[in-house]
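One letter stands for each residue in the lines below.
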Amino acid sequence: MGAWLFDPAHWSGPTGIPVRLLEHLGYTLLTLLIAAVIAIPLGAFVGHTGRGGFAIVGLSNALRALPTTAVLILVVLWAGLGDFPVYVALVLLAVPPIMAGTYAGVRAVDPMAVDAARGVGMRESGVLLNVEIPNALPLIYGGFRGAALQVVATATIAAYTGAGGLGRFVFDGLALQEFGQMLAGAVLVALLAVLVDLGFAGLQRLTVSPGLRPAGTGGKR
Amino acid sequence: MTWILENWERFWEVTAVHLRLSIVPVLAGFALSIPLGWFASRSAKARAVLFPLANVLFTIPSIALIVITPILIGVKILDEINVIVPLVIYTVALMVRSVSDALAAVPGNVIAAANAMGYRPLRRFLTVDFPLALPVTIAGLRVATVSNISMVSVGALVGLGGYGQLFTEGYQTDHTEKVLAGLIGTVVLAVLADGLLLLIGRLLTPWARAGR
Amino acid sequence: MIEFRAVTKRFEDGTIAVDELDLTVEAGTITVFVGPSGCGKTTSLRMVNRMIDPTSGTILVDGRDVLTVDPPTLRRGIGYVIQQAGLFPHRTVLDNVATVPLLSGWDKRRARTRAAELLEIVGLDPAFGKRYPAQLSGGQQQRVGVARALAADPPVLLMDEPFSAVDPVVREDLQNELLRLQAELDKTIVFVTHDIDEALKLGERVAVFRKGGHLAQYAKPQELLSAPANDFVASFVGRDRGYRTLTFLHADVPVHPVATAKLGERITVADWTLVVDEQNRPKGWLSGVDGEVEVGEDDLVSGGSLYDGSSLRGALDAALSSPSALGVVVDDAGAVTGVVKADDVIQALAKARAAGEVPK
């Protein structure tokens, strides 16, 4: 693996490691963005109104059972090769954990704080945006980071239908019986997953109020 | 749907393989995660090692693990063990945390009362701690089972059995119905397994719903 | 002034929480709604700022029908304090207090300046402003809750069991603080509690609710004690109501001189001697020693509540709880001025009764 990974020839050109890494990162980030735009408002709305919670939980579980490979292949058969099938498959993978995290997070906000928010004269939109969502952020991030890990790992499969990303090394290695290339691909994916998670952990630290950190870490008493 | 009816025998065959490839790792992984989870619930040091390790294992793509396994343990690429081992690893990675959280959440006063009445450690674990930890543990087991059933298909990308074979064959022959059949099979299996575990959980923990 | 006119609240499941409530809360008073759980006291309170809307009837705040005002606008003009404070965990204490001014469109700087002032008003060091709610004790959180409610200087304050989640010592502090604040601010306060002692202590008027949302009695606290309207009120205010009535009686009780001694002094004691410190504050009682002794800390019998001239209840309790049967009387600085005897309190009570000062 080391020999393949550190061969300078594999680090340049349109099929080199940097390009595949960026492709993989691109799939991941755009997928997460689309999934968040769908899942966070949905989870937050249902969490806020308390209506349809059963549907959200059921939908999340059903989507979790969906095999990504099958979705990818189906969309390819229907719409042709390209990046579109990859995004459909990965977004369907990322939506359930983000939606479930958002829903659980909003439901878990101290009902006293929500009551007080209404009581001091916030409108419903204010209650949701200024109290419920900020307080739900730790759980939203929990679902989001879980989704990110899954998406980074699963984006590998995109290469099966000829798309790019680090999965190329795995499938090309498999086709050519090049063990070093396969292993290098796998290690790069795991490494990227760890880096992406670190990135979101940093973002979480920046955007979640220190008042919501576990007791005793929010500052001096 | 017509494909399933017209090819009932083939469908039944891949279903059996799929079931075997997903149930065996769940059982093995669950069995392994009980002692590990117990250990993690007792020791902060064990947690500091096991939890990050579980997270890292989770980040390895399943397809990669499936192709690496045969080389690591020296079997042929078409051996079913190549799917089973990665899925055992994922199951353990998921369940260690569930079991540990579940055991840690057993009320301290219950444990103190059991100790005060003279339970020895093993008996207390089997008859007090573990039963009380079951609801959370089973919730974790449901997630692990559903994701295993969905993940078995990945094995087909390297030529292994299960519904995944229908996906790859359907892809190669441009046969949408075949892919759909596998997808429906996977989802139905997942829903059935999830419902079964839910039911088992309810039967095993009648107290969890008392007083509601 | 808050007026309830034939207000009824029936919930969707058919339970009647409040039944034809007619009641007027006078401006500038603390009015307490008290009763067992499920009596509709909280529902009644929450209808004032439209957290709940009545099924029928009218609620007027300073003459304006609340149903004609959009709820958020209405609520910004009415302070609201709830159990466990309901602070926003993700905002600093200062930003929690600044919430309503910011909602009402003040600029951030002015809102924060006002919030800092309020922390001082409720007895918190402004340094607390930078902390998050999770870093405060329950009592401190509740003070912040009160500060937040007062921030926009609303004329009306609604308080829903605000002190029920804190321990008894802190609760008493908070109650005294509220009375002190009210003496300065003169708000119209509606205060809900299930604790009759709290109701009698804080309320200028007390509304006793009973199950099904009926108003059982609405009166001054001493009237509830001396003349409960029915058996429900009588049993709700409790067995000690004769004794509690004394809380509301202020009559002169003769103060007798008492022998005192300081620690380290050599004295001859025959009867009970009150030992005091350098500022003449009581330390404990000394008795039963023959001949001359040096007064040492170990010989003291501690005991007794102190009577500060507040009410006959305080005087009687001081006498009853003292090991010498002499209730120690102290002045505002806590220095001993003499003692009272239980007999004198009973006589003072008889005199007050004869003079018609005890409501029948």
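Residues numbered from 1 in each chain as written. Chains lettered and ligands numbered in written order. Predicted model: local features only at pLDDT ≥ 70, side-chain atom pairs only at ≥ 80, totals over all residues. Heavy atoms only, no water.

**Let's talk about the packing of aromatic side chains**
Describing an aromatic ring pair means giving the distance of the ring centres and the angle of the ring planes.
Item 1. All told, the structure shown has 14 aromatic pairs over all chains when counted by the stated rule.
Item 2. Ring centres of F144 of chain A and F200 of chain A lie 4.9 Å apart, and the angle between their planes is 85°; this geometry places the pair in the edge-to-face category. Pair noted here: F144 of chain A is in helix α7 (residues 124-154) and F200 of chain A is in helix α9 (residues 179-207), with a separation of 56 residues, a long-range link. F200 of chain A matches F144 of chain A in its accessibility class, with the two residues each being buried.
Item 3. Ring centres 5.8 Å apart and planes at 15° place the aromatic pair W8 of chain B and W12 of chain B in the stacked group. Residue W8 of chain B and its partner W12 of chain B are both found in helix α2 (residues 8-42); the two are separated by 4 residues, about one turn of the helix.
Item 4. Ring-pair connections join several aromatic residues into one group, and the members of that group are W8, F11, W12 and Y163 of chain B.
Item 5. Its guanidinium or amino end placed over the ring of F51 of chain B, R97 of chain B lies 4.3 Å from that ring's centre, counting from NZ or CZ.
Item 6. The lysine or arginine in question, R148 of chain C, covers the ring of F88 of chain C, its NZ or CZ lying 4.7 Å from the ring centre. (Phe/Tyr/Trp six-rings, centres within 6.5 Å; stacked < 30°, edge-to-face > 60°. Helix = DSSP H or I, 4+ residues; strand = E, 2+ residues; numbered from the N terminus. Buried < 20%, exposed > 50% of the residue type's maximum accessible area, 1.4 Å probe, protein only. Lys NZ or Arg CZ within 6 Å of the ring centre and 35° of its normal.)

**Points about the UniProt feature "transmembrane region" (unreviewed entry) in chain A**
All names here are of chain A.
Item 1. Following the UniProt record, one finds the feature "transmembrane region" (unreviewed entry) at residues 25-47, 54-78, 84-106, 150-171 and 183-203.
Item 2. Helix makes up 100% of residues 25-47 and strand 0%, with an end-to-end C-alpha separation of 31 Å.
Item 3. The distance from the first to the last C-alpha atom of residues 183-203 is 30 Å, and the span holds 100% helix and 0% strand. (UniProt positions renumbered as here; feature names shortened; annotations may be inferred.)

**Quick word on the side chain of Q181 of chain A**
Item 1. Tracing the backbone through its elements, the reader meets Q181 of chain A in helix α9.
Item 2. Residues contacting Q181 of chain A, with those up to four places away along its chain left out, are W4, R168, F169, D172, G173 and L176 of chain A. (Contact = heavy atoms within 4.5 Å.)

**Thoughts on the UniProt feature "domain: ABC transporter" (unreviewed entry) in chain C**
Item 1. Taken from the UniProt record, the annotation "domain: ABC transporter" (unreviewed entry) applies to residues 2-237 of chain C.
Item 2. This span, residues 2-237 of chain C, is 38% helix and 25% strand, and a straight line between its end C-alpha atoms measures 25 Å.

**What about the pairing of strand β3 (residues 30-34) of chain C?**
Residue and element names in this part refer to chain C.
Item 1. Judged by how many residues are buried, β3 sits mostly within the fold: 5 of 5 residues are covered.
Item 2. What you see with β3 is no split at all: I30, V32 and V34 on one side and T31 and F33 on the other are buried throughout.
Item 3. Looking at chain direction, β3 and strand β8 (residues 188-193) are connected through 5 bridges and run parallel. Its bridge partner lying in β8, F33 is registered against V192.
Item 4. Relative to strand β9 (residues 205-210), β3 runs parallel, the two being bridged by 4 bridges. Counted as the bridge partner of V34 is V208 from β9. (Pairing = 2+ DSSP bridges.)

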